[in-house]
Amino acid sequence: MGVHAKRAGLLAAGLLFPVWSRADWTLNMTPGVTGTSNDIFSLHMTILWICVIIGVVVFGVMFWSILAHRKSEGHKPAHFHENTVVEILWTLIPFAILVAMAIPATATLVDMYDTEESDIDIKITGYQWKWRYDYINDDFGFFSNLATSRDEIYNRTEKSENYLLDVDNPLVIPVGKKVRFLVTANDVIHSWWVPAFGVKKDAIPGFINETWTRVDEPGIYRGQCTELCGKDHGFMPVVVKAVPQDEYDTWVADQVAAAEKERELTQKDWTLDELVARGEGVYATACAACHQPDGSGTPPAFPALKGSAIVTEDMAAHLDVVVNGVSGTAMQAFGKQLSEVDLAAVITYERNAWGNNTGEMVTPKEVFDYKNQQ
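Residues numbered from 1 in each chain as written. Predicted model: local features only at pLDDT ≥ 70, side-chain atom pairs only at ≥ 80, totals over all residues. Heavy atoms only, no water.

Asks: Could you give me a rundown of the overall build of the protein chain, with the residues and numbers involved?
Replies: Across its full length, the protein chain carries twelve helices and ten strands. The C-alpha radius of gyration computed for the protein chain amounts to 29 Å, which surpasses the reference 21 Å derived for 374 residues by more than 25%, pointing to a less compact arrangement than a globule. In terms of its C-alpha atoms, the protein chain occupies a principal-axis envelope of roughly 100 × 70 × 40 Å. Burial analysis of the protein chain (374 residues in total) assigns 35% to the buried set. As displayed, the protein chain offers around 22000 Å² of accessible surface, 60% of which is attributable to carbon and sulfur atoms. (Helix = DSSP H or I, 4+ residues; strand = E, 2+ residues; numbered from the N terminus. Rg over C-alpha atoms; globule rule 2.2 N^0.38 Å. Buried < 20%, exposed > 50% of the residue type's maximum accessible area, 1.4 Å probe, protein only. Areas by Shrake-Rupley, 256 points an atom, 1.4 Å probe, with all protein chains shown as cover.)

Spelled out as C-alpha cells, the structure:
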C-alpha cells in the first residue's frame, strides 16, 4: 500500500508541476563562452535590473497612495490636469531611462556587427536539412549532417545524450581567433544559431549575411537551425568544435589533403562493388531520411526507389534526377552537394540495392562529363 501511495504522490506532483517534473529549467540566460555572449548577458542583466527598479518604484508609489490616501481616511483625490511640472517630469524621466539603456545596447550592437579584421573566413550554406562549411582561406569544404540514427528517432533504440544535436562533421575553429561567418542558403531560409557564442544569423538564398565570433575556451558547442525550414527542421543541428591553434593547423592540413585525394578519385577505375559499398553510406546520409533506408519511400511526397522504373530502367533519366532534382517537388538537386564520386556511388547503389539488381554502374568520370555538358 505504501508503494502505491508513493507512486500516486509522484504522479500527482507531475500533473501539478509538469515543468518541474519533466526537464531541468532555469530563470535566466547563460553567459556563454565569447566576449559577445558575455556582453549580451551583461546588457540583459542591466536592463533587467532597470526594469525591476522601475517596477518597485511604480508599484511602491501606487500601493502607498492606495493605502495612505484611501477614502476611509477622509482623503479627497487631487487634480493634476494641465500641470506643467508633472508633464515635464513624466516626459524627461522615461527619456533619461531610455538613453541610459540605449548607450550600452548600441555599444554591444556595434561590436556584434564589426566583422572586419578577421583571422579566418568561413562560408556557411544552409541546405534542407544540413549545413555546408567552406573554409575560404584554405580552399576546402564539407557538409555537416545529422548523426542521430533513425533507430533513435523512431524509438527503436535508447536515445543518446546528444539526441538530435550531433553531426558527422562538426565545424572546427581555433580558440582565440576572430572567425568571420558568411551565411547564406541554397534552397529556403534557414538560421544558424549557437547560443554559447551569442550568434544567430539568418541564411537567405541569394543573400550573404555576416557575423563573427571569437571563442575563448576549447570545447564542443551545439546549436540548431531556428527557422521553420521544412518537415525535418528539427533534424538540422549545428556543432562547433573549438580547438587550440596547433590542433587546428593539423586538422586543416588533413582536410586539404583529403580534398585533394577526393578530387583524384574522379579519375580512378572503380568497380561495381566499390561504388555500391561507398554508395550505401552516401545514401544513408543524403537520401534515407526521405526515401527510407529500405528504399520504400513515403509516397506520395517521397516515392519508393525499390522497384522504381526511374531507378531500374533509364540510366540517363536517373542521373538527371539526382544531379538536377525535380522542379516543383521535394527532390533536391544534388549536383552541387555531392562530389562526382559520391554521385556515381549513390546512383550505382540505388540501381543495385533492395532487389534492384540491374548490374549497371555509372562512373565518376561519366558524372563529371554529364555535369560539364549542361
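Asks: Which residues make up the pattern of salt bridges, and what are the values?
Replies: Where charged atoms from two side chains of opposite charge come close, those side chains can pair. Applying the stated rule across the entire model yields 13 salt bridges. Its salt-bridge partner being D121, residue R180 comes within 3.0 Å of it at the nearest N-O pair. Placement of the pair is R180 in strand β5 (residues 179-185) and D121 in strand β1 (residues 120-127), with a sequence separation of 59 residues. With relative accessibility at 13%, the residue D121 sits in the buried group. Salt-bridge contacts for E260 lead to R263; the nearest nitrogen and oxygen are separated by 3.1 Å. (Salt bridge = Lys/Arg side-chain N within 4 Å of Asp/Glu carboxyl O.)

Asks: I'd love a proper account of the packing of helix α10 (residues 315-324) against helix α11 (residues 340-350), names of residues and values included.
Replies: What describes two packed helices is the angle between their axes and the distance between those same axes. Running from N to C, α10 and α11 cross one another at 130°; their axes reach a closest spacing of 11 Å. Relative to α11, the element α10 is oriented oblique. In this structure, α10 crosses over α11, and the sense of that crossing is right-handed. Counting all contacts with α10, which are made through M315, H318, L319, V322 and V323, the residues of α11 involved are L343, V346, I347 and E350. Class assignment of the residues belonging to the contact of α10 with α11 gives a composition of seven nonpolar, one polar and one charged. (Axes fitted to C-alpha atoms, helices over the stretch in contact; angles between N-to-C directions. Parallel < 35°, antiparallel > 145°, perpendicular 65-115°, else oblique. Left-handed = near helix turned anticlockwise from the far one by under 90°. Contact = heavy atoms within 4.5 Å. Nonpolar A, V, L, I, M, F, W, Y, C, P; charged D, E, K, R; others polar.)

Asks: Now, about the environment of C229: what can you tell me, with residues and values included?
Replies: Its location among the elements puts C229 in the loop between β9 (219-225) and β10 (237-243). When its relative accessible area of 4% is taken as the criterion, C229 is described as buried. Discounting residues that sit within four places of it in the chain, C229 has contacts with Q128, W129, V188, I189, H190 and M236.

Asks: Describe the packing of aromatic side chains, naming the residues involved and giving the relevant values.
Replies: Counting across every chain of the model gives 14 aromatic pairs. Among the aromatic side chains, those forming a connected cluster through ring pairs are Y133, Y135, F140, F142, Y248 and W251. A cation over a ring is seen here: K178 above W212, with NZ or CZ 4.6 Å from the ring centre. Over the ring of W129 we find K231, and its NZ or CZ is 5.7 Å from the ring centre. (Phe/Tyr/Trp six-rings, centres within 6.5 Å; stacked < 30°, edge-to-face > 60°. Lys NZ or Arg CZ within 6 Å of the ring centre and 35° of its normal.)

Asks: Account for the sheet that holds β1, with residues named and values stated.
Replies: The strand order across the open sheet built from five strands is β3-β2-β1-β5-β8, with neighbouring strands paired in mixed fashion. Each having just a single partner strand, β3 (140-144) and β8 (209-213) make up the two edges of the open sheet. Going across the sheet, the axis of each strand differs from the next one's by a mean of 25°, ignoring polarity. As judged from the five bridges shared by β5 and β8, these two strands associate in the antiparallel manner. Its bridge partner being in β8, R180 is matched across the sheet by W212. (Pairing = 2+ DSSP bridges.)

Asks: Could you give an account of the nonpolar core, naming the residues involved and the relevant values?
Replies: Counting residues in each nonpolar core, the largest one holds 39 residues, and the members touching the most others are I122, W131, Y133, Y135, L171, W192 and F197. The next biggest cluster of nonpolar side chains, apart from the first, holds 27 residues, and it includes L305, L319, V323 and V346. (Core = buried A, V, L, I, M, F, W, Y, C linked by side-chain atoms within 4.5 Å.)

Asks: Could you give an account of helix α6 (residues 245-264), naming the residues involved and the relevant values?
Replies: Helix length check: α6 (20 residues) gives 29 Å between terminal C-alpha atoms against 28 Å at 1.5 Å per residue, within 8%. Among the structural elements, β1, β2 (130-135), β3, β4 (171-174) and β10 are those in contact with the buried residues of α6. (Expected span 1.5 Å × (residues − 1).)

Asks: An account of unusual backbone geometry is requested, with residue identities and associated values reported.
Replies: With an omega of -5°, the peptide bond between Q128 and W129 qualifies as cis. Mapped onto the elements of the fold, W129 is located in the loop between β1 and β2. With phi around 60°, D139 is a residue other than glycine that occupies positive phi space. Along the chain, the position of D139 falls in the loop between β2 and β3. Residue class for D139 comes out exposed when judged on its relative accessible area of 62%. Of note in the backbone geometry, L164 takes a positive phi value of approximately 65° without being a glycine. Position of L164 among the secondary structure elements: in the loop between α5 (150-153) and β4. By relative accessible area, which is 15% here, L164 ends up buried.

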